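Here's the letter readout for the chains.
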Amino acid sequence: MLIGVPKEIKNHEYRVGLVPFAVRELVHNGHKVVIETQAGSGIGVSDDDYRAAGAEILGDAKTVFEKAEMIVKVKEPQAVECEMLREGQLLFTYLHLAPDLPQTEGLLKSGCVAIAYETVTSPRGGLPLLAPMSEVAGRMGPQAGAHCLEKAQGGRGVLMGGVPGVAPAKVVVIGGGVSGTNAARIALGMGAEVTVLERNIARIAQLDDMFRGTGMKTLYSTVDAVEKSVQDADLVIGAVLVPGAAAPKLINRDMLKSMPDGSVVVDIAIDQGGCLETSRPTTHADPTFVEEGVVHYCVANMPGAVARTSTFALNNATLPFAVALANKGYRGALAEDPHLRQGLNVAEGKITYKAVSEAHGLGYTAPEEALGISF
C-alpha cells in the first residue's frame, strides 16, 4: 500500500502522523511511504531522517493526497484537506465528528473511508488510540490551569501548592477516566487539594485505592455534587468522555456564576464539544477567554503543545493498526478486527458510527452494509 503523511495545518499543530520508526516498520512490511516535506520539523525530525527510514519526500500536501491510498494524520482534516480526499481513499486520524457537522459533511462528500483513532476499542476495554493523548491532555490540564491562575493571565493569583501557612489551590476534576486520573495525579504532585467526581462506582473504588494516602477525595457525580464542588474551586478540569459522542454539558452558566472571579476551567473535553455550557474551542495562539469572570482554557489540541512527546506516544499506539490496515487492506482489517471496526465513522458517503449520526440527525448505515462485506 502507498501511505501518505501530510504536514498538519491546524493552528499550532506540530505533531505528525508517522515518525521514522513507524515508517521503517511499514517499509519493512513491503509498503511505500510518502511524506510531505518538513512534516516532522515541529518535533525535530528532518526530511533526511525520513529518507533514512525509507520514505520518499514530496513537495506539497496536494501531491501526497493524490498519490496515497491511505492518509495517516493526527488531527481532523481541515476543509482544504477534505477537498483533497477522494472516493475510496482511506483516512486514519482523529476525527471528533460529533460536534463538527462541516467536517462530517466534507468527509461524506469526499467518498473516503474514515477511521477515527478516538473510537477504536480494545479487547480489554477502553480506547487505546485515544488513551495516549488523554494521558498527555490530563497531565497538561493542571499545568495549563496553574498558569491561567496567575494574576497576569487573568486568574485569581493562587499558587497550586500554596506555601506554609497558606492553603493550596482547590482543584475539581470532573471525570475519573484516563485524562481525569492523570490530571488528578499531576495536581496532587503540585500540592493542590484535589477532588474527583465520577459516576462509575467501580472506577471510584479504583481511584480510592490508587490515590490512598494522598488526601485526594472522590465524589459520586450528580448535578448537586458538581454544583457544590465548583462553587469554591480555584481550578476545574473537565475530563468527561462519551466515546464518539458529544460531551455532556455538566456545568451550566448559573454554576459558572457561583465560581470565584479569576477561577479557571480547563475543558479537556472540548474536542467533543466541551462539558461546559460556555465552552468554545480556542487555539494555542489564543488559548483563553473569560465568561462570568471565569477564565476558560479550551484548546482543542492540547497535546500539540508538547508535540514531540505526544507524537511518539501516539505512534506507539497507532502503528499496529496502521500496519494491519496496510497489510490486509481496510476491508480485510475491518472484517478481521471488531475493535478496529469500531473506529469506522464514515465510509463512501455514509455515516457508520451511531453517535455521529445521532449528533447530526443524519442517517446511519451499518459498517458491513456500507462496505458490502460480512463480518
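For the structure itself, look to the data block above.
Residues numbered from 1 in each chain as written. Predicted model: local features only at pLDDT ≥ 70, side-chain atom pairs only at ≥ 80, totals over all residues. Heavy atoms only, no water.

### Here we look at the pairing of strand β12 (residues 288-291)
Here β12 pairs with strand β13 (residues 294-297) via four bridges, running antiparallel. Its bridge partner being in β13, Val290 is matched across the sheet by Val295. Linkage of β12 to β13, two consecutive antiparallel strands, is achieved through a turn of two residues, within which Glu292 is found at a positive phi near 55°. (Pairing = 2+ DSSP bridges. Helix = DSSP H or I, 4+ residues; strand = E, 2+ residues; numbered from the N terminus.)

### Focus: the layout of surface pockets
Empty space within the largest pocket amounts to approximately 990 Å³. Along the walls of the largest pocket sit 49 residues, with Ser179, Ala239, Val240, Leu241 and Val242 positioned nearest its centre. Counting only elements with at least two residues in the lining of the largest pocket, the list comes to α6 (131-148), α7 (178-189), β8 (193-198), α8 (201-210) and α9 (223-230). Residue contributions to the lining of the largest pocket peak at four residues, all from α6. For the lining of the largest pocket, the residue count by class is 28 nonpolar, 14 polar and seven charged. By volume, the second largest pocket is sized at about 290 Å³. Grouping the amino acids of the lining of the second largest pocket by side-chain chemistry returns five nonpolar, eight polar and seven charged. (1 Å grid on protein atoms, 1.4 Å probe; cavity = no way out; pocket = protein on both sides within 12 Å on 5 of 7 lines; lining within 4 Å. Points joined across faces, edges and corners; volume = space filled by probe spheres on them. Nonpolar A, V, L, I, M, F, W, Y, C, P; charged D, E, K, R; others polar.)

### Comments concerning unusual backbone geometry
Phi is mostly negative for residues that are not glycine, and the peptide bonds are mostly trans. Positive phi, normally seen in glycine, also occurs at Glu292, with a value near 55°. In this structure, Glu292 sits in the loop between β12 and β13. Here Glu292 falls in the partly exposed class, since its relative accessible area comes to 31%. Even without being a glycine, Glu348 presents a positive backbone phi close to 50°. For Glu348, the position within the fold is in the loop between β14 (344-347) and β15 (350-351). (Buried < 20%, exposed > 50% of the residue type's maximum accessible area, 1.4 Å probe, protein only.)

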